[in-house]
Amino acid sequence: MNYKETIDWLENIPTSFDSNYDNYKLKLNSIISFLHFLGNPQSDLKFIHVGGTNGKGSTCHIISSILQEHNFIVGLFSSPHLYDYKERIKINSDYIDENFIIEFISTNKRYISKNKLSFFEISFALSLKYFITKGVDYAVIEVGLGGRLDSTNIITPLVSVITNIGYDHKKFLGNSLAEIAREKAGIFKTNVPVVIGESNDITSEIFNNYSKEVKTNIFYVNQNQNNYDTDLAGTFQNKNINTAISSLKKIDNLIIDNTKTLRGIKNVNQNTKLIGRWQIVKTNPTIIYDIAHNINSLELIFEELNNIDGVVRIVFGTLDKIDQLDCLKIFPKKYKYYLCSPSIKRAMSLNKLEVYAKKLKLNFKSFLSPNSAFQNSIIESSKDDIIIVTGSTYLFSEIKL
């Protein structure tokens, strides 16, 4: 198989999500067995494990950038990707080699099919095999879903990080912040320091109790209002930067130099190729891509927009998840919305979006595809307008700039 054929096969394996999420099971036994089959590559890697509801991808990339400025070789596993599967697995600023993916899938295809591994399990195992083969100094791992039963939770890291707790993936993680926090806290390990980026009375109690149970130390980030010199756009990134710095300071025998740290913060995009986080892709009109996909992350977008003048047009499409329609409740009435539905089975139907948008009296138009919604937002814009594309990562691969 060539690269395209390999990725097509990988993205269509029977154990991927179906429209009702029924084929997705949170479990660890499959990944443990697969990694044993691969020679347990996780045994010889130094990990930094990052979970949370929002900001964990950005935090991972900031950590990677700072470590790179300290002359370390850094492996980074994150998800999802926007355009190309290779975005999920990087060493410094370089995407994983296509030939390595082809060889890995080809070599292990029989095992994968026989044991019905999920897309995420395969991807995570692939990343570990790649990192050990390339001899990285550190491997920064983003939790996929939850924590306790996420495939990435088979690692023993140098530090465990939780950026924050919000409502997302209720089908798997629970309907309350306390339930979700318990699942996220599942990444705590005995004698491995834990860093919490943001918390409240409810989640702090959960984290404190769980840290005592597993016998580890927990640290809460002082989220002061530092304004860093960074190539990351969006003031909300300051919290992720503070969390990243605090996390690295808790790693034994790692000496962090302030000058190199500030250089890492300044060059995150350059060092890691981070995309999709308040990413300004064009001006006149200003077009911004952001992968916000739940209420908490969308609230950050609207807070950011409060500081910007001009007509705001939002291209929005999302997946059909529990309470996901509630996102529309926080949509400001003053903006113009271009509703669409990405071309996957798990997408929320256009009709469902339309009915709720009418109920909320939003100023919207609806379109059959993300690209038609996007193109119409451009046609109707003046050079001073702002266009935000958000709601689901699946939108971006369908949009033609």
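Nothing here was measured: the structure is a model prediction, and the numbers come from that model.

Conventions used here
- Residues numbered from 1 in each chain as written.
- Predicted model: local features only at pLDDT ≥ 70, side-chain atom pairs only at ≥ 80, totals over all residues.
- Heavy atoms only, no water.
- Pairing = 2+ DSSP bridges.
- Helix = DSSP H or I, 4+ residues; strand = E, 2+ residues; numbered from the N terminus.
- Buried < 20%, exposed > 50% of the residue type's maximum accessible area, 1.4 Å probe, protein only.
- Arc of directions from axis to C-beta.
- Contact = heavy atoms within 4.5 Å.
- Axes fitted to C-alpha atoms, helices over the stretch in contact; angles between N-to-C directions.
- Polar contact = N/O pair within 3.5 Å; in protein donor to acceptor, adjacent residues only side chain to side chain.
- Phe/Tyr/Trp six-rings, centres within 6.5 Å; stacked < 30°, edge-to-face > 60°.

In this section: the pairing of strand 10 (residues 286-289). Sheet topology places strand 9 (residues 279-282) next to strand 10; three bridges connect them, and they run antiparallel. Bridge pairing in strand 10 places K282 opposite I287. Following strand 9, the chain reverses through three residues before pairing antiparallel with strand 10; N284 in that reversal takes a positive phi of roughly 60°. By the bridge criterion, four bridges tie strand 10 to strand 14 (residues 386-390) in an arrangement that is parallel. Residue pairing for strand 14: Y289 is matched across the bridge by V389.

Another point: helix 12 (residues 295-305). All of the buried residues in helix 12 are S297, L298, I301, F302, E304 and L305. Take helix 12 and look down its axis: the buried residues cluster within an arc of 160°, on one side only. As for helix 12, its buried residues are in contact with strand 11 (312-316), strand 12 (336-339) and strand 14.

The eight strands lie next to each other as 4-3-2-5-1-6-7-8, forming an open sheet whose pairing is mixed. The sheet is open, and its two borders are formed by strand 4 (94-95) and strand 8 (218-220), each paired with just one other strand. As defined by bridge partners, strand 1 (residues 47-51) adjoins strand 5 (residues 138-142) across four bridges and the pair is classed as parallel. Bridge pairing in strand 5 places H49 opposite I141. Contacts from helix 5 (residues 119-134) reach strand 1, strand 2 (74-77), strand 3 (89-91), strand 4 and strand 5, with the element oriented near 15° to strand 3.

Our next topic: helix 1 (residues 3-11). Burial in helix 1 covers these residues: Y3, T6, I7 and L10. The buried residues of helix 1 occupy one face: seen down the axis, they fall within an arc of 95°. Each element contacted by the buried residues of helix 1 is listed here: helix 4 (98-115) and helix 5. Where helix 1 begins, one side-chain oxygen reaches toward the backbone nitrogen of K4, 3.2 Å away; that side chain belongs to N2.

Next up on the list: the sheet that holds strand 13 (residues 363-366). Pairing is mixed in the open sheet, where six strands are placed in the order 9-10-14-11-12-13. Only two strands of the sheet have a single partner each, and these edge strands are strand 9 and strand 13. Averaged over neighbouring strand pairs, the angle between their axes works out to 25° when direction is ignored. Sheet topology note: the strand 11/strand 12 ladder contains four bridges and is parallel. If you follow V315 over to strand 12, its bridge partner there is Y338. Taken strand by strand, helix 12 contacts strand 11, strand 12 and strand 14, and its axis lies near 170° from that of strand 14. Sitting on the sheet, helix 13 (residues 350-359) touches strand 11, strand 12 and strand 13, and the angle it makes with strand 13 is about 160°.

Looking now at the pairing of strand 6 (residues 159-162). In strand 6, alternate side chains face the same way, and those of V159 and V161 on one face and S160 and I162 on the other are all buried. Strand direction decides the pairing type here: strand 1 and strand 6, joined by four bridges, are parallel. Within the sheet, the bridge partner assigned to G51 lies in strand 6 and is I162. Two elements, strand 6 and strand 7 (residues 194-196), share three bridges in a ladder whose sense is parallel.

Per the stated rule, a full pass over the model turns up 17 aromatic pairs. Taking the centre distance of 5.5 Å and the plane angle of 50° together, the rings of F77 and F124 count as tilted. Here F77, found in strand 2, pairs with F124, found in helix 5; they are 47 residues apart in sequence, far enough to count as distant. Per residue, the accessibility class of F77 equals that of F124, and both read buried.

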